[in-house]
Every structure is written in structure tokens, then in C-alpha cells.
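# Coordinate analysis (summary)
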Amino acid sequence: MSIVADELIRFSSVLKMAYNFLHGRDELKRKKFREKKKLISVGLPFSDLVYGFPDLIPVLPIRMHEFEIHKYLTYLGSSSKIFGWDKVTNFLGFVKDLGIKDINQTVEDIIENVITTINSKYNEMYDIGVENGISTDFCYGVKSLYGMNVSKGKNCEANLNYTIRCSTWNKYLESLKAIGNASKQIWIEIPPRNIGNALELLTDNITQGITELEEISSYDYSANALRKHFQTANQIRQSYKKIIYDISTSDFYPCNPATFCEILALLNISFHDYNSNAIRYKDSITLLLDEMKGRINKGIGVDVSKRPKILITPMFGGWEPKCHEIIYELGGRALYGDWDLLRFLDDIPISNMTDPVEAYAQFLMNANSHGIGADNDTLTDSYIKLAKNMKADGLVFVQVFGCHSVSNCYTMLREKIRRELEIPSIALNFNKMGENVEQVRTRLGAFMEMYK
Amino acid sequence: MANFKLLAEYYLFLKEKKEEGKKIVAFMSHDNIPEELIDAAGLIPLRMIFAGNDELMDASHDFLAPSTCAFAQSCIGAFSIKPEKFKFLELIDYFIVSNHCVSDICASEVITKYFNIKRLNFYVSYTKTENSLKYFKLELLDLKKQLEEIKGAEIDAQVLLNSIKKYNNFKKKLLEISNAITSGSQKLKIFQKAMLYGPDILPELDNIDFEQPQTQTPTKSKDILLTGCSIFIDDYLNDLIEEGGGNILFFDTWVGFNYYHQVIEENAINSSKNPIDLLTHRFEQNIYGDHSVPNFLERKVSHIEDFSRNYEKKTGKKIGVINHIIKFCDHMSIMSSHLKNQLKEKGIFVLNLERDYSRANRGQLSTRIEAFLEMM
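Residues numbered from 1 in each chain as written. Chains lettered and ligands numbered in written order. Predicted model: local features only at pLDDT ≥ 70, side-chain atom pairs only at ≥ 80, totals over all residues.

### Comments concerning the interface of chain B and chain A
Taken together, the 38 residues of chain B in the interface contact 41 residues of chain A. Elements with a contribution of two residues or more to the side of chain B that touches chain A: helix H5 (102-114), helix H6 (130-151), helix H14 (296-315) and helix H15 (330-345) of chain B. The leading source of residues in the side of chain B that touches chain A is H15 of chain B, at 8 residues. Looking at the side of chain B that touches chain A, its residues break down into 19 nonpolar, 13 polar and 6 charged. (Contact = placed C-beta atoms within 7 Å. Helix = DSSP H or I, 4+ residues; strand = E, 2+ residues; numbered from the N terminus. Nonpolar A, V, L, I, M, F, W, Y, C, P; charged D, E, K, R; others polar.)

Set out below in C-alpha cells:
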């Protein structure tokens, strides 16, 4: 029985986000074929520029796949179109409170299904990637992204490619040309360091990227449209940060800590492309924050003051999702905050700037210089800052097999943790979801002993 | 033994330079490092072109994950264990952290941080657009500034231009050697030694008699084009290929073509007023470098195809391609299956040979190479 099911149904926003993620295929098909919109493939949270064009839709390619969705979630999705999500989830909460066993079981099945479906689809993408020739030596993230593009990339008009410090990432993007899709490759180079007039060069690179998007779109670039999107994107970021910092660092949670992690994991995945609809996503995440606050204010939730806060990072490129459940069982609570670590949750400084392109250049340069970093010294500083800001009592570092970038700095990080944070830390090896759960359980068991 | 001698002599060479008051700047980066700038600043560039072994790789695991590229692991291990043959590493004053690949960044950073070597930075654009060239120029100017601080004086433009000409002539010489009729092992030894010493070795290169190769001309062996990762000093891979009946005719690797083809045209040198622009121009012309995106693969395929066709026209035989992939190399590994498939479609035999530096691999590598040569 899922430990998260009880709680998730209280958040209509979560069901809505999950539904929008899982039902991406139908929605995207409709957009592409009926509404004649064009899909642009993105990876990592680099979708913002695409939203400057009304007929272009950014998509993390996994969402073009068909997910095995619990039939009741499909039913709920359809019902929500008539009654609204609030009423649907209130109804679920009501029937659950009645304690009708069969219905309870169904509800739990639905929720458990959402999380496991996404994770197993990621594993399926990993397998497709490997079957199609990508070496098993690469990290989970790249293998699964490769699988997504091999299987669904052909549906996209273009790939929007940003260069970052990870050479695997840059070369993976180049390799997309070789998989036989006719999609256009749009490249935007982020200069490795912010020296001289590098920011100006980045601004120009973005402008050129926009010109290439314009060639695909039936619309001309509009600064107003992009500015408007950046305002929406900033609202998303603000709500996301409040969830990460205000809610997850508090002593009272609106749900049990494992549920909270499931929500954070869902946010982490869906943030890549905002489920292809930024305004809807903004509404959902704003609602999510309100629902969380509302429950806390009413005293509905769980006292977590006695549970040590364990930051699990990095997890965006693949991690064992059972970690937070295990930590919960062992008396702790897990925290996730990768996108802020990489500075993707910083505001796009649109309010101070007249030109949205310049604002976005500043945002990207900031992420590159202070988040994901040009080197491990910067990157480890980012980990430390995140742990400090989240008031973490411990840190579980996910050492992803084949990752030569963001998870290849544990020695340096461990030293900084000892010197600056004085909290326990542990490195867990990860290759594929579900592959090593018992070993993870044993290691986390030993780690959590320190808090007893 | 030959390598021990080479490295021991190199130690003496560097020691002598140090005694003259010169400082040594080392770097791992395979490409695009402007060694002319280092030379013009009166410093000695030292390329990390040394193969690893089990001990060196193991020693790096205290710093980076074992799934880091085996070459990067070995570079860290060389500083960590400090084996006698690498004694000259103690003489290094500065180390350039660059971004040829992310393992270059991580390993170079570990070397500067944990082995107390002062750090210099030089990061290279990934694409080859007009703006990327402008950015490359920014990095050149920044490195120049860092080197001038070490030198305590400005680098004179004429001195830099002279260095550019010196390295140009040096590379032209290596190109001549590449075309000489001799065994792959002899060529490789010359390339390795030359890239270690730099243009100081030109007089020695001038005295090699190419008409009478020092080793027997391998008339019956099967000719090979080696692409992918380089064969570094102290690596046994070339021996395995020759023992199996192969001969590397063309080194399409960093130690080899990728280095010596980067010659700046005479008319560009004569017409340029700013030597920094010449270095930028060379970066632009370096279209075969594996650091760059997004056209590396197609250029690599077309380059190998051209070479293969010419070889076939000249000899009536097909050349085999060994794509050497050092374990966990981002650049070579991710493209390997595409490279093989695309060359196969053009009727070119390809062996993707992936390996790390462990001794245990030797037997398996030998079997694979022999089987490939037999299949040819």
C-alpha cells in the first residue's frame, strides 16, 4: 500500500499536474494535428524561449509517450473537465473519509500508479536508449533522454540545444542529428565564463536562436509575448521556491513527508517544460502552494519537527525514488531542491530590464556562473548553499554512474560539508531506478542511525 | 624501457629549463590550448600525454568517481602516486584548467587543488559561430593577461608572432613525418616525443632520414587508420596492433593529425596585424577537433572516407579503421556507434575498441584486434 496515497488526493493541484503530465500524448497530438502547432523538443529547464511563440510548444519528449494510466485517473480527468478539479478531489477525500475499503484501495492505486508509471517510463526510455546504441557508460539522464528522442523525437520540428559544462550533454545533443530525425537543431551557446562582453555575446546567441524559432513559427518574435511568459515563469519559480524553502523547512507539513517528496519529484520532472502549458502550470503550482498553506493554517497535516531533514541531491539526472520512502520509514524526511541548486529557480530579471532577451541572457549566465558552474569549486559551493538554505541536517549525495559532471565532485563537497556545515553526509551510487534498492536501504539505514 | 629513457631525459630537459629560471605550465586539454602564448611568455608548455595503469587509475578514486575517463583518472593518479618515471611532474609551476571535456575540468581542478599547483583558466567555446570566435578571443586575451602576470611584463606582439611561426614550422615537420614511409610505431614515437618537447626538438626531427626507415617497412601488414582517442606515451596498444599484423598508417588522433594539421597559412600570418587574431583564426580552422559541436561527427566521417578512398585508389586495398575509445570518454564514446554505422555504410571496416588502462584488458584487446585484422 502506498504511504503517499492517503495524502496526495487532498491536493487537487497534484492530481491535475499528474494528469497533465501523463496525458501529454493526447494533448500534444491534438495540438500538433488539429491546431497545427509545432513541437519543440527540450531537455533540462530550457523551455522558456519557446513560449515566446504562440504556435510553438516545448516538450520534454517522454511526454509524447503513452503512459499506462489507471482508468480511474482517466475518468477523473474527464470528470474534472465538467466539474473542475476541486470538486473531483474533494469527492475523493470525502469517500476516503467514509472508509469504504474498495474505494480507498482504488484511490491509493491511482496515486501510486502516477508515480510508478512515470518512473517506469523513464526506465523504459533508458532501455530504448541502450538498445539504440548509446553506451551504457553514460549517466541515467542522458541514456533516458536519448531513448526519448530515438522513440519520439521525430514528432518535433526542432530541438532547442543549449551548451553547458557537461560535455556528455553537448555531445548527446550533437548525436541527435545522427539518429535519423529530420528535426532542426537550434543551438544556443552559453559562454563557459562570464568574462569581457560574454553576456553581450550570449544575448546575441539567444537572438539568433529566436530567429531560428521564427523560421519554424508562423509568428514573428514579439518581445511582449516573451516578457509576458517570463512573468509567468517567474511566478512559477516563486511558488516553487516557497514550496522548497517555506514549506519543506517548516516543522509542520501539510501531508506526510514521503508524500511531500512525491510532490517535489513530480514538480522536478514537470518543470522541464511546464507540462507544455506555462500558464496552466503556474495556476497549478500556485494552487498547490495555497492548498499546502491552507492545510497548515488549519492544522491539517503532520508534525515533522522531530524528523531530521535529509537533503537528497542531485536527483534531476536520475536517482532512486525509494530513497525518500526509506528515509521516512527510518524517521527522517527527505528534501529535494535541484533546480534551485542549479539556479534555474532564480527570477528572470525582467522587471529591471527593457529587453527580455537581455534579461534571459542574464538569467542563463547567472545559472552557468553560479549554479551549474564552470567548475567543481563553484558547483560544490552551490550544493553547500542549497543545504544551508534548506537547513539540512544531513546530505545524501547521489553519485550517478557515468556522470562526469554534477555528481562527480563528492570528495570536494564532503570537505566543504565538514568545514562549513558540520552535518553528516553519504554518497549513494545510482545506475537505474529499482536496481539497487536493498543496498540503498542498508546504507541509508546505517546513515540514519546517526540521528538516533 | 624506451619510454623510461624518454621520460628520464625529459626530466633532465625540464630541470635544465627550470635552472634557467623558466616556469612550467602543464595542461591536460587535448586541443585548442595556445601553446604559442605560453612560449612567448617565456614559459614551458607541458602536455599531459601519458598513458595510465591500474595503480594510477585506482589512486584517482579518492578524488573522482571511478566512472571518470580513464585518461583523466590516470592524470590524477600520476600526481597522487608520483611514480619515479613521472618525476618531472614535480617541476610543474602552473596547471591550466580547461574544458576540453568535463573530465578535463574536474581532473585539472583536482590536480591544482590537491597537489598545490597554481591554477590558470582557459575555457573554449563549443560551437564555431562568429560569437564563439569572439568568445575564444576573450579567453585568449584573458590567458595572455594571466601569463603576463607570471612573466611580470607584457607579451610582445612580435615575440608572439615568432612563436606562432616557430610552432607552425614544427607542425609542418610533423606533417612531413606523417607522410614518410615507415612503421606506425616509429611515427608514434616521433609524434609523442615531439609533442612533449615542442619545437626545441626540430633539429633532431630534421635529421631523421625518411628514405631509410629505422624499422622495417611493413609491406605485408594490414594498414590501419587510428581514430578516436590518442595512444599516449607508455601505452601498449600500438604494440598489440603490430603484433597482430597491423600497421597504423595514419594517426587521426590528437597525438597525430589533430595536432599537426593545425598550421596557420602563410598568407594569414603575413597579412595579420594582431597575432591573437591568428590564434583565433586557427581555432576557427580546427574543424576536426572533438570538442566542437555540432558538426564533429559528419566531419570525422567525411575525413575518414576521403582518406580511405584515396588509399584504395593508390593501393587497391581497403584500409581498416580502429576507433580507439578510452573508457568513459564523453566525446568518443557517445559517437562511436554512429561513426561505425556511417562508415560501414560507406564500405569501410571499423573496429570500435573500448578499453581502460588495466592490465587485465590486454588479452581481450589482442584477441579483438587480431580478429578484426583477420576479417579485413
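### Re the domain arrangement of chain B
Residues and elements named next belong to chain B. In terms of domains, chain B is made up of domain 1 (2-156) and domain 2 (165-265 + 268-375). A straight line from the C-alpha centre of domain 1 to that of domain 2 covers 22 Å. Facing the 38 residues of domain 1 at the interface are 34 residues of domain 2. Secondary-structure elements contributing two or more residues to the side of domain 1 that touches domain 2 are helix H1 (2-19), helix H2 (35-40), strand E2 (44-47), helix H3 (54-60), helix H4 (70-81), H5 and H6. A total of 5 residues in the side of domain 1 that touches domain 2 trace back to one element, the largest contributor, which is H6. Along the lines of polarity and charge, the residues of the side of domain 1 that touches domain 2 split into 20 nonpolar, 11 polar and 7 charged. (Domains from an automatic or database assignment.)

### Quick notes on the sheet that holds E2 of chain B
All names here are of chain B. Ordered in space as E2-E1-E3-E4, the 4 strands form an open sheet in which the pairing is parallel. Looking at which strands have only one partner, the edges of the open sheet turn out to be E2 and strand E4 (118-122). For this sheet the average axis-to-axis angle between neighbouring strands, irrespective of direction, equals 30°. Bridge analysis of strand E1 (residues 24-27) against strand E3 (residues 94-98) gives 3 bridges, and the strand direction is parallel. The residue bridging Phe 27 from the neighbouring strand is Ile 96, located in E3. (Pairing = 2+ DSSP bridges. Axes fitted to C-alpha atoms, helices over the stretch in contact; angles between N-to-C directions.)

### Description of the sheet that holds strand E7 (residues 309-313) of chain A
Residues and elements named next belong to chain A. Pairing is parallel in the open sheet, where 4 strands are placed in the order E8-E7-E9-E10. The two strands at the open ends of the sheet, each matched to only one other strand, are strand E8 (333-335) and strand E10 (425-430). Here the average twist between neighbouring strands, direction ignored, is 30°. Taken together, the 3 bridges between E7 and E8 define a ladder with parallel strand orientation. Paired with Leu 311 across the strands is Leu 335, a residue of E8. With respect to the sheet, helix H17 (residues 410-421) is in contact with strand E9 (394-400) and E10, its orientation differing from that of E9 by roughly 175°.

### A few points about the packing of H6 of chain B against helix H13 (residues 275-285) of chain B
Residue and element names in this part refer to chain B. Packing of H6 against H13 leaves a shortest axis separation of 10 Å and a crossing angle of 130°. Between H6 and H13, the interaxial angle falls into the category oblique. Judged by the sense of rotation from one axis to the other, the crossing of H6 with H13 is right-handed. Along its contact with H6, which presents Leu 133, Phe 136, Lys 137, Leu 140 and Leu 141, the element H13 presents Ile 276, Leu 279, Thr 280, Phe 283 and Glu 284. Class assignment of the residues belonging to the contact of H6 with H13 gives a composition of 7 nonpolar, 1 polar and 2 charged. (Parallel < 35°, antiparallel > 145°, perpendicular 65-115°, else oblique. Left-handed = near helix turned anticlockwise from the far one by under 90°.)

### Remarks on the nonpolar core
By size, the foremost hydrophobic cluster in this structure holds 257 residues, and its most contacted members are Ile 40 and Ile 312 of chain A together with Val 25 and Ile 76 of chain B. No other element matches the 8 residues that helix H10 (residues 223-247) of chain A contributes to this core. Counting residues domain by domain, this core receives three or more from each of domain 1 (2-156) and domain 2 (165-265 + 268-375) of chain B. Ignoring any residue separated from it by four or fewer positions in sequence, one finds Ile 312 of chain A in contact with Trp 319, Cys 323, His 324, Ala 334, Leu 335, Tyr 336, Val 396 and Val 398 of chain A. (Core = buried A, V, L, I, M, F, W, Y, C linked by C-beta atoms within 7 Å. Buried ≥ 20, exposed ≤ 12 C-beta atoms within 10 Å, placed from the backbone.)

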